[in-house]
Amino acid sequence: MLSRAGLVTAIVLHLVHPMTDFISNLLRVVPDDDAEAHHFFGGSPSLDGTLCPTCKIPLLQLLNIDCADPLLADKSFGPWKRLPFLFCWTCIRDVYCTASGPNAIHVIHTDQSILADSSPPYENYPQSFPRRSALLKVGIPDDVKAIARRLIEEWQSSGSEDDETEMWEPSVEEQAKVTDYFGHPVKSTFCLTHHQIGGHNLGPPWQDDEYRCPNSNCKSRAKRGRKMTFIARILNAPPHGLPMIETLDSRNPNEYNYDVAVQYHICESCFTLVGSNRSG
Ligand SMILES: [Zn+2]
Ligand SMILES: [Zn+2]
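This structure is a prediction, so every number in the text was calculated from the model and none was measured. (Residues numbered from 1 in each chain as written. Chains lettered and ligands numbered in written order. Predicted model: local features only at pLDDT ≥ 70, side-chain atom pairs only at ≥ 80, totals over all residues.)

### Examining the confidence of the model for the protein
Right, on to step 1. On average, residues of the protein carry a pLDDT of 86, and 86% of them reach 70 or more.
Right, on to step 2. Averaged pLDDT values for the elements of the protein fall to 52 in helix α1 (residues 4–16) and rise to 97 in strand β3 (residues 60–66).
Right, on to step 3. Segment residues 16–20 is flagged for pLDDT under 50; beyond a separation of four residues in sequence, or across chains, it makes 3 contacts in the model. (pLDDT = per-residue confidence, 0-100. Helix = DSSP H or I, 4+ residues; strand = E, 2+ residues; numbered from the N terminus. Contact = placed C-beta atoms within 7 Å.)

Shown next as structure tokens:
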């Protein structure tokens, strides 16, 4: 794990530096019920082959992105016309999927061991999350960037993050601005994340695991499989229609676990996607 200074530096770099990544822009994904855009959170996957190979239940679609959006124009997505970001919160395995035709995917679990306790995170777990329109937004306003920098610096110098009595608190106005931008209350440096497509992973740096493409048809000549590239991170967010590990009525609205997230990587050779949970 990084030292706190290292962590703060990494988060500042994530927030303020333009990166050259799979999609060069860091894009916020924002729920917007009035949006005419073609992206959406939730909904049932409209492709064949979307059963979890371990649990035999439909994979949850967390987000579906229309690759024709001009903000994504700097990249080819190979066979994908829409990117389906899928996951199974019952077995919580890394889910690799390849496009196997215009309307079908093939799902690969690289870990086939049987878990003794495979159960959904809570009772009456939905088969799908509600479909909700979403917009992609680019950029961070200067005032939000300035507040985020100040939060990081203040938290760095205000004692242990484990001791909440010593934690410095932003003003009501500052909190309102960052809450609006990030889509949830910001209580520590770990909260400076939002649903994202492209750019650099805003998640904690120790979640930056390396993923290798397992697709036997991948043209990459890398012996261990091509190293995959970060493409998206989607947070547990009951108010946004994404109750991944807790229901909307399970907590005080300010206390949802927004630090729980599924992150996605893509193979730049064959466009296999992998979703994984590296929370906590
Ligand atoms: Zn499963
Ligand atoms: Zn590949």
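### Quick look at the sheet that holds strand β8 (residues 196–197)
Right, on to step 1. The 11 strands lie next to each other as β4-β3-β2-β7-β1-β8-β9-β10-β11-β5-β6, forming an open sheet whose pairing is antiparallel. Only two strands of the sheet have a single neighbouring strand rather than two, namely β4 (82–87) and β6 (104–108). (Pairing = 2+ DSSP bridges.)

### Thoughts on the packing of helix α2 (residues 142–157) against helix α3 (residues 172–182)
Packed helices, taken two at a time, are described by the angle between their axes plus the distance between the axes.
Right, on to step 1. Their axes nearest at 10 Å, the elements α2 and α3 cross at an angle of 110°. Judged by the angle between their axes, α2 and α3 are roughly perpendicular. In this structure, α2 meets α3 at a crossing whose hand is left-handed. Between α2, through D143, V144, I147 and A148, and α3, the contact on the second element is made entirely by E174, K177, V178 and Y181. (Axes fitted to C-alpha atoms, helices over the stretch in contact; angles between N-to-C directions. Parallel < 35°, antiparallel > 145°, perpendicular 65-115°, else oblique. Left-handed = near helix turned anticlockwise from the far one by under 90°.)

### Notes on α3
Working note: α-helix, 3.6 residues per turn, so residues spaced by three or four point in the same direction.
Right, on to step 1. Along α3, the positions that sit buried rather than exposed are V178, Y181 and F182. Buried residues of α3 fall within an arc of 85° about the axis and therefore sit on the same side. Pointing more than 90 degrees away from the buried face of α3 are the exposed residues V172, E173, A176 and D180.
Right, on to step 2. Against the buried residues of α3 lie α2.
Right, on to step 3. Directly beyond the C-terminal end of α3, a positive phi value near 90° is found at G183. (Buried ≥ 20, exposed ≤ 12 C-beta atoms within 10 Å, placed from the backbone. Arc of directions from axis to C-beta.)

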